[in-house]
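# Architecture and fold: a report
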Amino acid sequence: MTRKEVIKMLKKYRESGAKIETREKELEEWESRYRKDLSFKVLMPMSLIMCRIKAEVEQAARDRDTVLEAVSLIEDSSIRQVMEQRYLAGQSFGRIAEKTGYCVSYVFELHRKGLIEIQKKFHSF
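As a starting point, this report considers the structure included with it. It should be emphasised that the depicted structure is a prediction, and the values quoted were computed from it without experimental measurement.

Each helix and strand counted, the chain has 5 helices and 0 strands in total. Tracing the chain from N to C terminus, the helices and strands come up as α-α-α-α-α. Here the C-alpha radius of gyration of the chain, 19 Å, is well above what a compact globule of 125 residues would show, namely 14 Å. The proportion of buried residues among the 125 residues of the chain is 32%. Summed over all atoms, the accessible surface of the chain reaches about 8000 Å², with 52% contributed by carbon and sulfur. Averaging the locations of the 25 positively and 20 negatively charged side chains of the chain gives two centres separated by 4 Å.

A few words on the packing of helix H3 (residues 77–88) against helix H4 (residues 93–100). Between H3 and H4, whose axes approach to 10 Å, the crossing angle comes to 135 degrees. Between H3 and H4, the interaxial angle falls into the category oblique. The two elements H3 and H4 meet at a crossing, and its hand is right-handed. Residues Gln 81, Val 82, Gln 85 and Arg 86 of H3 pack against Phe 93, Ile 96, Lys 99 and Thr 100 of H4. Taken together, the residues of the contact of H3 with H4 sort by class into 3 nonpolar, 3 polar and 2 charged.

Moving on, we come to the pattern of salt bridges. Throughout the structure, instances matching the rule amount to 6 salt bridges. Residues Lys 121 and Glu 75 are paired through a salt bridge, measuring 3.8 Å at the closest nitrogen-oxygen approach. Taken together, the positions of Lys 121 in helix H5 (residues 104–123) and Glu 75 in the loop between helix H2 (40–72) and H3 put the pair 46 residues apart, joining distant regions of the chain. According to the relative accessible area criterion, Lys 121 is partly exposed, its value standing at 24%.

This brings us to the packing of H4 against H5. Contact geometry for H4 and H5: axes closest at 9 Å, N-to-C directions at 105 degrees. By the angle between their axes, H4 is roughly perpendicular relative to H5. Counting all contacts with H4, which are made through Phe 93, Gly 94, Ile 96, Ala 97 and Thr 100, the residues of H5 involved are Val 104, Val 107, Phe 108 and His 111. The class makeup of the residues in the contact of H4 with H5 is 6 nonpolar, 3 polar and no charged.

What follows is about H5. For H5, spanning 20 residues, the distance from its first C-alpha to its last is 28 Å, which sits close to the expected 28 Å at 1.5 Å a residue. Val 107, Leu 110, His 111, Gly 114, Leu 115, Glu 117 and Ile 118 are the residues of H5 that are buried. Axial view of H5: buried residues confined to an arc of 165 degrees, hence all on one face. Exposed side chains of H5 directed beyond 90 degrees from the buried face belong to Ser 105, Lys 120 and His 123.

Turning our attention to the nonpolar core. By size, the foremost hydrophobic cluster in this structure holds 19 residues, and its most contacted members are Met 9, Leu 10, Val 67, Met 83, Val 107, Leu 115 and Ile 118. Ignoring any residue separated from it by four or fewer positions in sequence, one finds Val 107 in contact with Val 82, Phe 93, Ile 96, Ala 97, Thr 100 and Tyr 102. Counting residues in each nonpolar core, the second largest holds 8 residues, with Leu 27, Met 50, Ile 53 and Ala 60 among its members.

Rules and cut-offs
Residues numbered from 1 in each chain as written. Predicted model: local features only at pLDDT ≥ 70, side-chain atom pairs only at ≥ 80, totals over all residues. Heavy atoms only, no water. Helix = DSSP H or I, 4+ residues; strand = E, 2+ residues; numbered from the N terminus. Rg over C-alpha atoms; globule rule 2.2 N^0.38 Å. Buried < 20%, exposed > 50% of the residue type's maximum accessible area, 1.4 Å probe, protein only. Areas by Shrake-Rupley, 256 points an atom, 1.4 Å probe, with all protein chains shown as cover. Lys, Arg positive; Asp, Glu negative; His and termini not counted. Charge placed at Lys NZ, Arg CZ, Asp CG, Glu CD. Axes fitted to C-alpha atoms, helices over the stretch in contact; angles between N-to-C directions. Parallel < 35°, antiparallel > 145°, perpendicular 65-115°, else oblique. Left-handed = near helix turned anticlockwise from the far one by under 90°. Contact = heavy atoms within 4.5 Å. Nonpolar A, V, L, I, M, F, W, Y, C, P; charged D, E, K, R; others polar. Salt bridge = Lys/Arg side-chain N within 4 Å of Asp/Glu carboxyl O. Expected span 1.5 Å × (residues − 1). Arc of directions from axis to C-beta. Core = buried A, V, L, I, M, F, W, Y, C linked by side-chain atoms within 4.5 Å.

See below:
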């Protein structure tokens, strides 16, 4: 897994959360319509749409779990904290530096080490 692929995977955490939220709302709307119109012509297409939405939600949840696992495998708490704030909380490097009391260049260094550590862990699977 390349560094770019690791970053792309980590960014999926927040993207997946937004997708889950959006698709679950959409699923609720479809289920509401499904209950109201019980004709066979409508039921089949609606059930297919609902199945697709459920599959997307399940995939997004798996993506989130993968990111959580990857970050939790980081042993160094400083590195893990930077990665959690960057990818799970969506903080900028400057904001992470403010919160942790580290200088921005050190936050970048911890981030780089975190990417390398995740890259190694996923390469070993």
